[in-house]
Amino acid sequence: MTDLTTAPEAEILMAQPRGFCAGVDRAIEIVERALARFGAPIYVRHEIVHNAYVVADLRSKGAVFVRELDEVPAGATVIFSAHGVSREVREDAAARGLHVFDATCPLVTKVHVEVGKMRAEGCEIVMIGHRGHPEVEGTMGQANGGMVLVETVDDVATVQIADPARLAYVTQTTLSVDETREIVAALKARYPQIREPKKQDICYATQNRQDAVKFMAPQVEVVIVVGSPNSSNSNRLRELAQRLGVPAYMVDAPEQVRPEWIAGKRRIGLTAGASAPEALAQSIVDRLRALGARQVRALEGIEENMAFPLPRGLMPASVAA
Ligand code: 2E6
Ligand code: F3S
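I will try to describe carefully the structure that is included in this document. Just so it is clear, the structure is predicted and the values come from calculations on it, not from any experiment.

## A closer look at the packing of helix H1 (residues 22-38) against helix H2 (residues 52-60)
Stage number 1. In contact at an axis separation of 11 Å, H1 and H2 are set at 10° when each is read in the N-to-C sense. Put simply, H1 runs roughly parallel to H2. Residue-level inspection shows Ile28, Val31, Glu32 and Leu35 of H1 in contact with H2, the latter providing Val54, Asp57 and Leu58.

## What to know about the sheet that holds strand S8 (residues 167-171)
Stage number 1. The three strands are arranged S7-S6-S8 in an open sheet whose pairing can be described as parallel. Here the strands that pair on one side only, and so sit at the sheet edges, are strand S7 (147-150) and S8. Averaged over neighbouring strand pairs, the angle between their axes works out to 25° when direction is ignored.
Stage number 2. Sheet topology places strand S6 (residues 124-128) next to S7; four bridges connect them, and they run parallel. Looking at S7, one finds that Ile128 is bridged to Val150.
Stage number 3. On the sheet, helix H4 (residues 106-120) packs against S6, S7 and S8 and is oriented at approximately 170° with respect to S8.
Stage number 4. The sheet contacts of helix H7 (residues 177-190) involve S6, S7 and S8, and relative to S6 the element is tilted by about 150°.

## Quick notes on the nonpolar core
Stage number 1. Judged by nonpolar contacts, the single largest core of 32 residues is most densely connected at Val31, Ile48, Leu58 and Ile79.
Stage number 2. Listing elements by their share of this core, those giving two or more residues are H1, strand S2 (42-45), H2, strand S3 (63-66) and helix H8 (204-216).
Stage number 3. When residues in this core are grouped by element, the largest group, eight residues, is from H1.
Stage number 4. Both domains that meet at this core, namely domain 1 (11-20 + 204-298) and domain 2 (22-105), each give it at least three residues.
Stage number 5. Sequence-distant contacts of Leu58, that is, excluding residues within four places in its chain, are made with Ile28, Val31, Glu32, Leu35, Ile48, Ala63 and Phe65.
Stage number 6. The next biggest cluster of nonpolar side chains, apart from the first, holds 20 residues, and it includes Ile12, Trp261, Ala276 and Val285.

The rules behind these values
- Residues numbered from 1 in each chain as written.
- Chains lettered and ligands numbered in written order.
- Predicted model: local features only at pLDDT ≥ 70, side-chain atom pairs only at ≥ 80, totals over all residues.
- Heavy atoms only, no water.
- Axes fitted to C-alpha atoms, helices over the stretch in contact; angles between N-to-C directions.
- Helix = DSSP H or I, 4+ residues; strand = E, 2+ residues; numbered from the N terminus.
- Parallel < 35°, antiparallel > 145°, perpendicular 65-115°, else oblique.
- Contact = heavy atoms within 4.5 Å.
- Pairing = 2+ DSSP bridges.
- Core = buried A, V, L, I, M, F, W, Y, C linked by side-chain atoms within 4.5 Å.
- Buried < 20%, exposed > 50% of the residue type's maximum accessible area, 1.4 Å probe, protein only.
- Domains from an automatic or database assignment.

So this is what it looks like as structure tokens:
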């Protein structure tokens, strides 16, 4: 019979940084504080962050997740997810008299503000991102037209721009840093005058988690990414490890780790997307130990100390005063 345990003395190498970013911490805290202050149910438009464990936990505490605002009763409290919403959704909530708390990550809001300014200056805008992702819908929804989406280098050849002299680009916050560089290079080659964001729109957490996978990948024989299937930033980590030549798998529950992925392996890399809680990562470590891994080693990496303030109205009384 095939031995499906790891090699004797197999090690788990933990990427640093991994897991929650400041925007996810803040978004979850907004839901928890709204529940504490106003009581259940608290409605949340879209998954607050793309993680099944987080969503199930908040649901058990009284959060009700809805796809659209027409599922929210008049006068109720609703929270917008960390991925942001279009102007239309915001206006709809106001028109219906809903009590809104906005958990949009401030780094997504930064992109919304860029779009608003550049449209006011008469620029057309190319957005680099993934079609159908809620962040892309929210960011493209900051403009009444005048924006086009490109997903790949090939898309750049077919975009239609009215006036290349007044063109700018923005990006989704959770893209592959390397693929985005290639798309930007193709845009600049076709439209040399294109305006860039002052600081790249890919956020610090996306950049740091991808850098940590680049550091980890050469040291391991397989990479496990903790993240849910709809999490863009988590998928980018898995793809990156694979592009670096290491088999990589994404899981959001310990029982999903298949013994054959790690059979005979001596070094297993573990990382977690920005929406994956450390408790879930630790449950994956326990599963790997049950399959034979012996040691756990934290890799070197940068310490993050980013934190975003809560919205007014959910601050502790002493801070809000
Ligand atoms: C909001 C914006 C960016 O799918 P994606 O990676 O965008 O989202 P999550 O919820 O997996 O990660 C956090 C996040 C929220 N990232
Ligand atoms: Fe914000 Fe980046 Fe996290 S955009 S929610 S800090 S992954």
